[in-house]
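# Structure at a glance
Single-letter residue listing:
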Amino acid sequence: MWRYKRIKAIPFPSSYVAILQNIHPYRTLPPEQKEKLHFMILLFIDQKEFVGARMNINDQIKVIIAFYACLMRLGFELGEQDHVSTIIVYPEHFIVDDSHARDGIYHTSTSVLKGQSANGTVVISWQDIEQHIAKPGKENVIIHEFAHELDFEDGLADGTPLLETSNYQKWSEVFSKAFTTSRNLQKMHKHSEGLRLLGDYALTNEAEFFAVCSERFFQTPKAFKKHFPEVYEELKRFYRLDAEKLYASHPDHNE
């Protein structure tokens, strides 16, 4: 409560507003939502540790990451804090070594990633963030990685975040059906418009399916609702907001 009062007393910097004005979704939001987000952004920046990997962290980086992370929680109560403590930012795609033993044989591999998240730490590529802001579309690496963190809050990366107890069965039915149906279409090379909206990466596993669906929910809500109405409704219930109506006054964001 002391932290909230201290942050509440801080005027939202005009320099932060100037940064946010370059983000299309921010410009589409109604004034009352912007006011709530301003407080959430200040709180987020105050609570998180930002670490630059081979780059310096500035206000632009902090504010943009905070905006999208807070946009996802706009429907939540302010007291419902996330579990992210550290955000590591790379200037571009980064390489991760993966070593593991299987059947008594030691395997090593490397992957080039845009983002990664686990154990309260989000690692993210600034290059991809800039691209997603310069050319807004269906993808957003910040939303993707913070969706993974929401998924991890129950200790499992399974595409099912913490829900109200009564909601688990419906969530499981809807997401399982959508994931299985989309995967079967992919295997049969039947690339529908909805499948193209999702992209192949969404069908890697259930965790990636949830993260990608969260991206589409916030980035292209109208199209996502058209092709995956039941999944849209479950995400609307989970995020406690209707992304399509959130941007209703600016339909160009609703593609």
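Quantities reported herein were computed from a predicted structural model and do not represent experimental measurements. (Residues numbered from 1 in each chain as written. Predicted model: local features only at pLDDT ≥ 70, side-chain atom pairs only at ≥ 80, totals over all residues. Heavy atoms only, no water.)

### Focus on the nonpolar core
The condition that has to hold: Grouping buried Ala, Val, Leu, Ile, Met, Phe, Trp, Tyr and Cys residues that are joined through side-chain atoms within 4.5 Å yields what is termed a nonpolar core. With a 1.4 Å probe rolled over the protein chains alone, any residue whose accessible area is under 20% of its type maximum counts as buried; one over 50% counts as exposed, and the rest are partly exposed. Only DSSP runs of H or I covering at least 4 residues are called helices, and only runs of E covering at least 2 are called strands; the numbering of each starts at the N terminus. Note on contacts: a residue pair is in contact if any heavy atoms of the two residues lie within 4.5 Å.
Core analysis: the largest hydrophobic core is formed by 76 residues, its most contacted members being Ile65, Phe67, Leu71, Phe146, Phe224, Leu235 and Tyr239. Among the elements that make up this core, the one with the highest residue count is helix H5 (residues 59-71) (10 residues). The contact partners of Phe67, leaving out residues within four places of it in the chain, are Leu20, Ile23, Pro25, Tyr26, Leu29, Leu37 and Ile41.

### Thoughts on the packing of aromatic side chains
Cut-off, in case you're wondering: Centres within 6.5 Å make a pair out of two Phe, Tyr or Trp rings, where for Trp the six-membered ring is used; the pair is then stacked when the planes are under 30 degrees apart, edge-to-face when over 60, and tilted otherwise. Here, a charge over a ring is recorded when the distance from Lys NZ or Arg CZ to the ring centre is within 6 Å and its angle to the ring normal is within 35 degrees.
In this structure the tally under the stated criterion is 19 aromatic pairs. For the ring pair Phe217 and Phe218, a centre distance of 5.1 Å and an interplane angle of 90° mean the geometry is edge-to-face. Residues Phe217 and Phe218 agree in their burial class; the two are buried. Arranged with centres 5.8 Å apart and planes meeting at 20°, the rings of Phe217 and Tyr239 form a pair that is stacked. Placement of Phe217 in helix H10 (residues 206-219) and of Tyr239 in helix H12 (residues 229-239) is noted, with a sequence separation of 22 residues between them. Tyr239 carries the same exposure label as Phe217, and that label is buried. One Lys or Arg, Lys8, reaches over the ring of Phe39 and ends 4.6 Å from the middle of that ring. Over the ring of Phe76 we find Arg240, and its NZ or CZ is 4.6 Å from the ring centre.

### Some words on the environment of Glu35
Considering the arrangement of structural elements, one finds Glu35 in helix H4 (residues 31-47). Measuring from C-alpha to C-alpha, the distance between Glu35 and Phe12 comes to 9.2 Å, with 23 residues separating the pair along the chain.

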